[in-house]
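Chain and residue survey
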Amino acid sequence: MESILSMIQPHALVVSATILIVAYIFIATEKLPKMTVALVGASLTLLLGLLGQSAKLDGELNPHYFINYVDFNVIFLLVSMMIIVSIATRSGIFTWVANEMLKKTKGRPVAILISLALFTAVASAFLDNVTTVILIMPVTFAIAKELDINPIPFLITEILASNIGGTATLIGDPPNIIIGSEGNLSFMAFIQELTVIVAIILVTVIAIMTFWFKKYLHATEENMAKAVDMDNSKTITDKALMWRSLFVLFLVILGFVTHDVTHIQTCVCAMAGASILLLFEKPHEILHDVEWNTIFFFIGLFVIIGGFEAAGGIELMAKWLLDITHGSQSIASMVILWGSGILSGIIDNIPYTATMAPMIAEISLEKGADFAYPLWWCLSLGACLGGNLTIIGAAANVIVSETSAATGHPIKFMEYLKYGVVITLTSLALSTGYIWIRFLH
C-alpha cells in the first residue's frame, strides 16, 4: 500500500484533478446520485493519500488533514436552516401567506403570476430555494385548478424568481453560503452589494415573463370569483408553533444582520435558533426532513476539492486566471461573471462554486483583498443567476420539473431552454453593467 502511495504522490495534481473532473461528469450527467459520486470521490481522495487521515503527523499538526478542508460553517448553517424551516412549515404559516397574497389578487392570472413571483423571490432570499418551491407549488397547482388554466407559466416564473431571489442574501442559495464562508463576507455585505441589482433583475424578468405568457393568462369571471372565495381560515394548524417559529426565525435573521457588530458566525446563530425550536419537538421526526443527501454531497465535495487544493491545483488555477487576464481586475471580473453564468447552467452550481471560491481566495492572497472584492460578487451573480439557464441548472429547477411532470404537466428541456437562455443572458448583461458601475469604472 505504501509503495502505491509513494508512486501517486509525485502525480498528486493529475490524480486529484482526474477525480474532480470525473466527479463533475457524473454529477452533470446524473447517472448516479450526486451524494454517491461525492462520497466515492472523497473516499478515493483519502485512500490514495491525497489528504491525510490523521490530525497529527510525526507529532505535529497535519495541515493536510482532510477535516481541515470540510467547511463546517456551511454544513451547520445548512442543517440548522433546514431544521428551522421544517419546524415552521408544520404550522402552515408559509401556505397561509401565499394564499392571502393570492386572494388579494382577486383571481386575476396576471396579478397572480406577479404575486407568486414576488413571494417566491422574497422567500428564496431567506429560505433555501428548494424549500421555497416546495412550499409554493401546492398553492400554484390549487390556483391553476380553480382557474382552469395551465400551471406551467407560473411554475417556470417561480423557478426563475427563486434563483434570482436566492442571489440577494448569504443564506438564499448554497453558492452564496460557500462564497460568504470562503471570502469572510457578512450577511449585510450581501444585502448591501447585491440587493439593488437583484431587485432590478427581478422586476425586468417579471415584466418579460408577463409579456411572454400573456396569451396563457386568461380565466373566466366565474373561476376568478372562486379563487377570491378560497377558505384560508384553517390553513394555520398550530398557532403556538407559528409564533414560536416566527420569533426564532426573526432572532436568527437579526443575528445574521448584526454579525458585523457581534462577530457571531451565521452558522452559530442558525444552530442556536434550531436548537431552541427542537426543545419543543421530537428531534427524530424533524431530522427526517433534513436533506441529508445534500449535506453529505457537500462534505464529500469539500474533501475532493481539498485534495485538489492540497496538490496545488487551486493555486495553479488562480495563476492561470491572472495570466490570461494580464492581472486586469476588469477582465478577471467579466471572465468570472460570464464564465460562471454559462457553466452554472450546464453543471450544478454548488460544485462549481466550491471549486472557484478557493481560487478567488488564492487571488486575494496574491493580489490583495481589494483586487478580489468584486470577483466574489461576480462569482455569486454568475453562479446563482446561471442556474436559470437550463432545467437542470439548479436543484429547485429539477424539483419543480419532476413535480410538474408527475401532475401531468411536463416541462420539456427544450421548452424551458428558450426562456432560460433569454432570462440568463438578460440577467448577466444587467449584472455586467452593475459590476462595472459599482466596482470597476
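Check the entry above for the structure.
This section reports on the structure supplied with the text. (Residues numbered from 1 in each chain as written. Predicted model: local features only at pLDDT ≥ 70, side-chain atom pairs only at ≥ 80, totals over all residues. Heavy atoms only, no water.)

Okay, the pattern of salt bridges next. Applying the stated criterion across every chain yields a total of 4 salt bridges. Glu-193 is the partner of Arg-438 in a salt bridge, and the nearest nitrogen-oxygen pair spans 3.0 Å. In this pair, Arg-438 is assigned in helix α22 (residues 413-440) and Glu-193 in helix α10 (residues 187-212), connecting sequence segments 245 residues apart. In this structure Arg-438 comes out as partly exposed when scored by relative accessible area, which is 41%. Assessed through its relative accessible area of 5%, Glu-193 is described here as buried. Between Glu-281 and Arg-244 there is a salt bridge, with the nearest N and O atoms lying 3.8 Å from each other. One end of the pair, Glu-281, is in the loop between α14 (266-278) and α15 (283-287); the other, Arg-244, is in helix α12 (residues 239-257), and 37 residues separate them in sequence. (Salt bridge = Lys/Arg side-chain N within 4 Å of Asp/Glu carboxyl O. Helix = DSSP H or I, 4+ residues; strand = E, 2+ residues; numbered from the N terminus. Buried < 20%, exposed > 50% of the residue type's maximum accessible area, 1.4 Å probe, protein only.)

Let us look at the packing of aromatic side chains. Overall, the coordinates contain 13 aromatic pairs when judged by the stated rule. A centroid spacing of 5.8 Å and a plane angle of 75° characterise the contact between Tyr-373 and Phe-439, whose relative ring orientation is edge-to-face. Placement of the pair is Tyr-373 in helix α20 (residues 369-385) and Phe-439 in helix α22, with a sequence separation of 66 residues. Under the relative-accessibility criterion, Tyr-373 is labelled partly exposed at 27%. Taking relative accessible area as the criterion, Phe-439 reaches 18% and is therefore assigned buried. Taken together through their ring pairs, the aromatic side chains of Phe-190, Tyr-373, Trp-377, Tyr-434 and Phe-439 make up a single cluster. The side chain of Lys-34 reaches across the aromatic face of Phe-297, ending 5.2 Å from its centre. (Phe/Tyr/Trp six-rings, centres within 6.5 Å; stacked < 30°, edge-to-face > 60°. Lys NZ or Arg CZ within 6 Å of the ring centre and 35° of its normal.)

What follows covers the nonpolar core. In terms of nonpolar packing, the biggest core is built from 133 residues, with Met-81, Ile-156, Phe-256 and Ile-435 touching the most fellow members. In terms of residue count, α10 provides more of this core than any other element does, 11 residues in total. With sequence-adjacent residues up to four places away left out, Met-81 is seen in contact with Phe-126, Ile-171, Leu-249, Val-252, Phe-256 and Ala-270. The next biggest cluster of nonpolar side chains, apart from the first, holds 8 residues, and it includes Phe-94, Leu-135, Ile-236 and Met-242. (Core = buried A, V, L, I, M, F, W, Y, C linked by side-chain atoms within 4.5 Å. Contact = heavy atoms within 4.5 Å.)

At Asp-148, a position not held by glycine, the phi torsion is positive, near 60°. Note that Asp-148 resides in the loop between α7 (129-147) and α8 (152-166). The residue His-326 is not glycine, and still its phi comes out positive at about 55°. Counting through the fold element by element, His-326 comes out in the loop between α17 (313-324) and α18 (329-346).

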